[in-house]
Amino acid sequence: DKAGHKHFMAKEIAEQPRVLAAALGHYLTPEGTIALPEPGIDFTAIDRLTLVACGTAFYACNVAKYWFEQVARLPVEIDVASEFRYREPPVPARSAALFVSQSGETADTLAALRYAKGQGAQILSVVNVTESSIARDSDIALPILAGAEIGVASTKAFTCQLLVLGALALEAARQRGTIDEAELAAHLQGLRELPGLIDQGLSIEAECQRVSRGLAEARDILFLGRGRMYPLALEGALKLKEISYIHAEAYASGELKHGPIALVDEHVPVIVMAPHDELFDKTVSNMQEVMARGGKVLLITDAKGARIAGEGTWEVITLPEIDPLWAPILYAVPAQLLAYHTAVAKGTDVDQPRNLAKSVTVE
Ligand code: F6R
């Protein structure tokens with residue numbers, strides 16, 4: 001049932017405020033702690049966290065790495081499951097391994113989990129399907145409570161994965177004493193505001209639809225982001241190529257001049273994801289290098305960023321202001337809407353893109 005939407009993907013994008021609110025209700029206690037299933041997780045007993053997944057779930061891990069490292073000062077290793085499982089890395093004592101999977105059945109992720117388990121690591125997972133192999137094989141499985149996701153391109157599962165990982169990073173910070181009470185309260189409040197902000201963020205849909213008509217003409221599209229926004233650039237590029245079949249690549253903004261800038265000309269739209277945060281000026285200077293070479297920039301930012309850096313761009317999409325820590329969750333919305341409307345403009349099969357399956361149970 002598409003609930004009046006043209007595609008499951010559109011329905012699932014629109015559902016995000018509601019499912020995020022449900023996940024928040026599940027994990028945030030009124031006392032300002034994070035409720036975890038028994039026996040809980042002792043973050044003071046681990047010195048390292050390994051995050052492993054595939055595809056979009058892997059990009060959620062990429063964002064979470066910034067959160068765990070910056071807020072909880074916990075070193076994080078991330079890897080795609082298909083590499084992790086065959087690399088057979090040493091898993092040090094006092095470490096936990098966390099596996100992120102919407103379906104809970106991805107073959108590579110499950111095999112990576114079993115490897116880490118064999119090495120004696122504590123096994124955590126963040127799953128949507130709680131009756132799944134990955135959930136069953138974990139010491140603790142954290143549900144994301146996104147509800148059934150039917151569209152092959154992951155949307156609400158991604159933002160719910162981020163929400164759970166963000167809450168977990170805050171809990172790790174609280175236990176490890178790397179955050180003071182006021183900061184913790186502010187970031188928790190930021191999480192609570194997310195459903196409302198995503199709801200506001202969804203109002204950019206008409207603009208995304210208009211810009212997408214331009215994107216649909218392109219053969220190649222680049223995405224740029226820095227810091228916490230780099231994984232969002234990766235996710236934007238994946239979503240776009242998956243359903244619109246347009247070749248899209250993402251780069252960390254600082255890598256641009258180490259090669260990819262050679263691709264830039266007036267035919268290549270460059271989508272820059274840059275909330276006005278501590279790295280904004282750096283990203284903007286990379287963006288200006290693109291514009292100086294005739295590149296057509298779509299800047300996705302907030303009102304402040306638009307005021308400072310909007311001039312000379314091809315298009316600007318403006319999102320509400322948000323706690324910079326949680327910006328990756330909000331900026332998933334334009335990544336989804338641009339991919340969706342570009343695919344619709346091209347007339348591709350949005351919910352069932354060619355060559356892809358919802359659950360990849362063979363390697
Ligand atoms: C992209 C997408 C895939 C999945 C990946 C992992 O939109 O849906 O990249 O994220 O196949 O799947 P799960 O999360 O089920 O392990």
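Everything discussed here concerns the structure shown above.
Structure report, in brief.

So, how was this worked out
Residues numbered from 1 in each chain as written. Predicted model: local features only at pLDDT ≥ 70, side-chain atom pairs only at ≥ 80, totals over all residues. Heavy atoms only, no water. Helix = DSSP H or I, 4+ residues; strand = E, 2+ residues; numbered from the N terminus. Rg over C-alpha atoms; globule rule 2.2 N^0.38 Å. Buried < 20%, exposed > 50% of the residue type's maximum accessible area, 1.4 Å probe, protein only. Contact = heavy atoms within 4.5 Å. Salt bridge = Lys/Arg side-chain N within 4 Å of Asp/Glu carboxyl O. Near = heavy atom within 4 Å. Polar contact = N/O pair within 3.5 Å; in protein donor to acceptor, adjacent residues only side chain to side chain. Areas by Shrake-Rupley, 256 points an atom, 1.4 Å probe, with all protein chains shown as cover. Pairing = 2+ DSSP bridges. Right-handed = clockwise from strand over helix to strand, strands pointing away. Arc of directions from axis to C-beta. Axes fitted to C-alpha atoms, helices over the stretch in contact; angles between N-to-C directions.

Helix and strand counts for the chain come out as 14 helices and 10 strands. In terms of overall dimensions, the chain is globule-like: its C-alpha atoms have a radius of gyration of 20 Å, near the 21 Å expected for 363 residues. Viewed in the frame of its principal axes, the chain has a C-alpha envelope of about 55 × 45 × 40 Å. Residue burial in the chain is summarised as follows: out of 363 residues, 59% are buried. Counting contacts in the chain only where the partners sit at least 6 residues apart, residues at least 24 apart contribute 75% of the total.

This next bit is on the pattern of salt bridges. Applying the stated criterion to the full structure yields 19 salt bridges. Arg-85 is the salt-bridge partner of Asp-108, the closest N and O atoms lying 2.7 Å from each other. One end of the pair, Asp-108, is in helix 5 (residues 107-118); the other, Arg-85, is in helix 4 (residues 81-87), and 23 residues separate them in sequence. The same class applies to Asp-108 and to Arg-85, which are both buried. Note that Lys-257 and Glu-289 form a salt bridge whose closest N and O atoms lie 3.4 Å from each other. Within this pair, whereas Lys-257 is found in the loop between strand 7 (247-252) and strand 8 (269-273), its partner Glu-289 is found in helix 12 (residues 280-292), the two being separated by 32 residues in sequence. Owing to a relative accessible area of 52%, Lys-257 belongs among the exposed residues under this scheme. Residues joined in a network through salt bridges with shared partners are Lys-11, Glu-15, Arg-18 and Lys-156.

Another aspect to go through is the site of the ligand. Taken together, 13 residues lie around the ligand, and Ser-101, Gln-102, Ser-103, Thr-106 and Glu-242 are the ones closest in. At a separation of 2.6 Å, an oxygen atom of the ligand approaches a polar side-chain atom of Ser-101. At 2.9 Å from an oxygen atom of the ligand is found a side-chain nitrogen or oxygen belonging to Lys-239. When the free accessible area of the ligand is taken as 400 Å², the share hidden by the protein chains comes to 89%. At the level of secondary structure, the elements contributing two or more residues to the shell around the ligand comprise helix 3 (55-72) and helix 11 (230-244). Here the shell around the ligand takes 3 residues from helix 3, the largest share from any one element.

Before going further, it helps to examine the pairing of strand 9 (residues 296-302). Burial analysis of strand 9 places 6 of its 7 residues in the buried class, the great majority of the element. Two strands pair when backbone bridges link them, and strand 8 and strand 9 are joined in this way by 5 bridges, in the parallel orientation. Bridge pairing links Ile-271 to Leu-298 in strand 9. Once you follow strand 8 into helix 12 and on to strand 9, the crossover reads as right-handed. One ladder, built from 5 bridges, connects strand 9 with strand 10 (residues 315-319); its direction is parallel. Bridge assignment links Leu-299 to a residue of strand 10, and that residue is Val-316.

This part takes up helix 9 (residues 194-201). By the burial criterion, the buried members of helix 9 are Leu-194, Pro-195, Leu-197, Ile-198 and Gly-201. Buried residues of helix 9, seen end-on, are gathered within an arc of 165° and therefore sit on one face of the element. Considering only its buried residues, helix 9 is in contact with helix 2 (16-27), helix 7 (156-176), helix 8 (181-192), strand 10 and helix 14 (327-346).

Let us now look at unusual backbone geometry. Glu-38 connects to Pro-39 through a cis peptide bond whose omega is 0°. For Pro-39, the location among the structural elements is in the loop between helix 2 and strand 1 (48-53). Look at Arg-94: it is not a glycine, yet its phi comes out positive at around 55°. As for its position among the elements, Arg-94 is in the loop between helix 4 and strand 3 (95-101). Since its relative accessible area comes to 43%, Arg-94 is described here as partly exposed. The phi torsion at Tyr-245 lies on the positive side, around 65°, for a residue other than glycine. With a relative accessible area of 27%, Tyr-245 lands in the partly exposed category.

The next point concerns the sheet that holds strand 6 (residues 220-225). Within a sheet, adjacent strands bond to each other through the backbone by hydrogen bonds, running parallel or antiparallel. Spatially, 5 strands are ordered 7-6-8-9-10 in an open sheet, and the strand pairing comes out parallel. The sheet is open, and its two borders are formed by strand 7 and strand 10, each paired with just one other strand. Taken over all neighbouring pairs, the strand axes of this sheet differ in orientation by 20° on average, direction set aside. Packed on one face of the sheet, helix 12 meets strand 6, strand 8 and strand 9 and runs near 160° to strand 9. Running at roughly 145° to strand 9, helix 14 makes contact with strand 8, strand 9 and strand 10 of the sheet.

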